[in-house]
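Each chain, letter by letter, is given below.
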Amino acid sequence: MKTPLTAALRLAAYAAVTFAAVSIAWFAAKSRIETQERNAKIAQFREISPGETIDGDLLEHGEETAIDGEPAVRYRTADGSSYYQTSTYKGYNGEIKLLIGIAPDHKTLLGVRVLAHKETPGLGDKIEARIHPWILQFAGKTLENTRFAVKKDGGDIDSFTGATITPRAVTNQIGSVLRAAQEP
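Residues numbered from 1 in each chain as written. Predicted model: local features only at pLDDT ≥ 70, side-chain atom pairs only at ≥ 80, totals over all residues. Heavy atoms only, no water.

Right, let's talk about the UniProt feature "modified residue: FMN phosphoryl threonine" (unreviewed entry) in the protein chain for a bit. Look at the UniProt record and you will see "modified residue: FMN phosphoryl threonine" (unreviewed entry) annotated at Thr164. A relative accessible area of 18% places threonine 164 in the buried class. (UniProt positions renumbered as here; feature names shortened; annotations may be inferred. Buried < 20%, exposed > 50% of the residue type's maximum accessible area, 1.4 Å probe, protein only.)

Following this line, the structure appears as structure tokens:
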């Protein structure tokens, strides 16, 4: 006959074994996960500036900064280009992490890529270059030749059908970063 104490001890032992197994698997995969994340980020840098030599050393020299009071990281290359890793929480489904490349003139966008998001698949995820070319329209734009707002808000940036919140959040963040990059 099983007592409640025996059942509780069995449950505790099962939980401890499961916790240990998950912990061992996590520690075993941790370095591989970090390497994959690092390689993915370097690939995003290279997509923005295909002709530039980008290596892992760039990631070691990020400078903490702020964009509209929110934390960001700025990476500078030898040629004077700047890359900002920033986030906006104004998307439809939470945080959208962006990588924004700015030319050495501090005025021209080299390009933008989405590092992470949780937007709705099939709708808001069109901000990813691998899914839809929408994000590619920012390359070459400046504050002088573009109003960084979606057309629905009187700007120059097209949103995509069925979604305005996500493109608005991304577009506004890109404009904020470009303005911050021009400040001395």
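On to the pairing of strand S4 (residues 94–102). A regular strand places its side chains so that they alternate between the two faces of the sheet. As judged from the 8 bridges shared by strand S3 (residues 82–91) and S4, these two strands associate in the antiparallel manner. Among the inter-strand pairings, tyrosine 84 is bridged to a residue of S4, identified as isoleucine 100. Of the pairings in the sheet, the one linking S4 to strand S5 (residues 109–116) comprises 6 bridges and is antiparallel in character. Note on S5: the bridge partner recorded for glycine 101 is glycine 111. (Pairing = 2+ DSSP bridges. Helix = DSSP H or I, 4+ residues; strand = E, 2+ residues; numbered from the N terminus.)

Attention now goes to the UniProt feature "transmembrane region" (unreviewed entry) in the protein chain. Per the UniProt annotation, the sites labelled "transmembrane region" (unreviewed entry) are residues 12–29. Span residues 12–29 is 100% helix and 0% strand, its end C-alpha atoms 26 Å apart.

The backbone of aspartate 68 sits at a positive phi, close to 50°, despite the residue not being glycine. Mapped onto the elements, aspartate 68 comes out in the loop between strand S1 (63–67) and strand S2 (70–76). Since its relative accessible area comes to 63%, aspartate 68 is described here as exposed. The phi dihedral of histidine 106 falls on the positive side, at around 65°, and the residue is not glycine. Turning to its location among the elements, histidine 106 is positioned in the loop between S4 and S5.

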